[in-house]
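Close look at the chain arrangement
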Amino acid sequence: MIAPPNITARIAMSFIPGIKARNIRGLASIGVFPEDLFIGDALEKSVELASVIDKTAFKSNLSLAWRRAIQEYDFIVKNNIKVYSLFDEDYPWLLREIPDAPVVLYKLGDMDMNGEHIMALVGTRKCTAYGAAFCREAVSSIAGYIPDLKVISGLAFGIDTAAHESALCSDIKTAAVVAHGLDMIYPAANRMLARNIIKSGGAIVSEYPSGSKPYAGNFLERNRIVAGLSHITVVAESEIKGGAMSTANFAFNYNRDVGALPGRVSDKSSGGCNHLIRKNKANLITSGLDIMELMNWQPSLVKVDFNQRNLFPELTGNNKTIFEYIKNNNSAPVTIDAIHVGTGISVPQLMASLTELEFDGIINRLPGNRFQIS
């Protein structure tokens, strides 16, 4: 298949050393597009380009970049991959806002990268049951009110895996931003998870062309995309020097909302979260409802004041079963696991019902995800 010149030129721009988002924006501001440079004679005619890019360095890499772009186009066509260029109108609009947006973004899967409710959920690779449970609760409870929620994470072990799996369990679209080309999956143990993400209507995305390996520096660059694609970045667990801290810092510097789950001061896995909260770089988050309130995300079909509570609700179904179980526990707080075992209600449904009951002021959530009658 012959590669369209305009698409090839836009991919080729990403292969020119030193070309960044600021260069692309500079070119666009004077009405010059990649196809003009590779195919036309804009490079010779546009005096203004001298202040935008190094013409000598640019010209010396044109031929090689063009050949690599043709090869990459063949790869994306054969593998049904979508490519976005900063010059394209359908480039993800939240990502376009950040100053260091990728020149191109490759996407495998059907997920629309735009939306009104996009949350990055990230954290340590060595997560605890505490962090994983928070991911399940946060995603499932928000999903019960906001069915168009989208979850962004990095496909790594630990919290990233918990974030993606929680989205899949709640029938929510999720996208994994990876630090390598889309001709591989890293870590290899998450290949099945990646397949399930694609099958569920999600996506695997990257700024790296095929053949790119997951070098250490790529992960730091990848984190800016996770933050850039999202309205809010939530850190479930992280050590002080954890990789998720860079994602939180990117989000903070982009003036995006940041949330963090607090933990005990003795827990290394919560050290980074506590640090972010202490430095006023993140809002303290304990539940999905906290995230909704922080973002003012209104439940579908109805507009709700988060300060209002339903004082006389009529309970039915799972909500009634859960209420009766907690009520019959002699007023002692009960854990999610105990309610799950005692009622037989699945965890995703249980999370959604607990959030509804808490929202209506019928139950109170206590530290450690324990619940009691209000």
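Located above this text is the structure these notes cover.
Below is a summary of the structure that appears in this document. This one's a predicted model, so the numbers in the text were calculated from it and none came from an experiment.

**Quick notes on the sheet that holds strand β3 (residues 118-122)**
Within the open sheet, the nine strands sit side by side as β1-β2-β6-β5-β4-β3-β7-β8-β9. Their pairing is mixed. Every other strand in the sheet has two partners, leaving β1 (81-85) and β9 (283-284) as the edge strands with one partner each. Sitting on the sheet, helix α13 (residues 288-295) touches β3, β7 (232-235), β8 (257-260) and β9, and the angle it makes with β7 is about 150 degrees.

**Looking at the nonpolar core**
With 73 residues, the main nonpolar core has Met-13, Phe-38, Phe-58 and Ile-152 as its most contacted residues. Among the elements that take part in this core, helix α5 (residues 55-78) stands out by supplying seven residues, more than any other. With residues near it in sequence (within four places) discarded, Ile-152 still touches Met-111, Met-113, Ile-118, Met-119, Ala-120, Leu-121, Ala-175, Val-177, Val-226, Leu-229 and Ser-230. Residues Cys-135, Ala-138, Tyr-145 and Trp-297 belong to the second largest nonpolar core, which totals 29 residues.

**A look at the pattern of salt bridges**
Taken as a whole and assessed by the stated rule, the structure comprises seven salt bridges. One salt-bridge network, held together by shared partners, links Arg-10, Glu-35 and Asp-88.

**Some words on the sheet that holds strand β12 (residues 370-373)**
Taken in spatial order, the three strands line up as β10-β12-β11 in an open sheet, and their pairing is antiparallel. Strands with a single pairing partner mark the edges of an open sheet, and in this sheet they are β10 (334-335) and β11 (363-366). As paired strands, β10 and β12 are joined by two bridges and run antiparallel to one another. Its bridge partner being in β12, Thr-335 is matched across the sheet by Arg-370. Sheet strands in contact with helix α14 (residues 317-327) are β10, β11 and β12, and its direction is about 85 degrees off that of β12.

**Topic: the environment of Gly-144**
Relative to the assigned elements, Gly-144 resides in helix α7 (residues 129-145). A residue is classified by how much of its surface remains accessible, and Gly-144, at 52% relative accessible area, is exposed. On a C-alpha basis, the gap between Gly-144 and Phe-58 in space is 51 Å, while along the polypeptide they are 86 residues apart.

**Some remarks on the packing of aromatic side chains**
Inspection of every chain in the model, using the stated rule, returns four aromatic pairs. Seen from their ring centres, Phe-33 and Phe-87 are 5.4 Å apart, and the 55 degrees between their planes marks the pair as tilted. Here Phe-33 is found in the loop between α2 (21-29) and α3 (34-38), whereas its partner Phe-87 is found in the loop between β1 and α6 (93-96), with 54 residues between them in sequence. The ring centre of Tyr-84 lies 5.2 Å from the NZ or CZ of Lys-82, which sits over that ring. Directly above the ring of Phe-219 sits Arg-125, whose terminal nitrogen or CZ lies 5.7 Å from the centroid.

**Brief notes about α7**
Across its 17 residues, α7 extends 25 Å between first and last C-alpha, which sits within 8% of the 24 Å expected from 1.5 Å per residue. Of all 17 residues in α7, 13 are buried, a share of seventy percent or more.

**Comments concerning the pairing of strand β2 (residues 104-109)**
Counting buried positions along β2 gives five out of six residues, so the element sits mostly inside the fold. Across five bridges, the pairing between β1 and β2 is antiparallel. Bridge pairing in β2 links Tyr-84 to Leu-105. Taken together, the four bridges between β2 and strand β6 (residues 203-206) define a ladder with antiparallel strand orientation. In the strand pairing of β6, Tyr-106 is matched with Ser-206.

Each value, and the rule that gives it
Residues numbered from 1 in each chain as written. Predicted model: local features only at pLDDT ≥ 70, side-chain atom pairs only at ≥ 80, totals over all residues. Heavy atoms only, no water. Pairing = 2+ DSSP bridges. Helix = DSSP H or I, 4+ residues; strand = E, 2+ residues; numbered from the N terminus. Contact = heavy atoms within 4.5 Å. Axes fitted to C-alpha atoms, helices over the stretch in contact; angles between N-to-C directions. Core = buried A, V, L, I, M, F, W, Y, C linked by side-chain atoms within 4.5 Å. Buried < 20%, exposed > 50% of the residue type's maximum accessible area, 1.4 Å probe, protein only. Salt bridge = Lys/Arg side-chain N within 4 Å of Asp/Glu carboxyl O. Phe/Tyr/Trp six-rings, centres within 6.5 Å; stacked < 30°, edge-to-face > 60°. Lys NZ or Arg CZ within 6 Å of the ring centre and 35° of its normal. Expected span 1.5 Å × (residues − 1).

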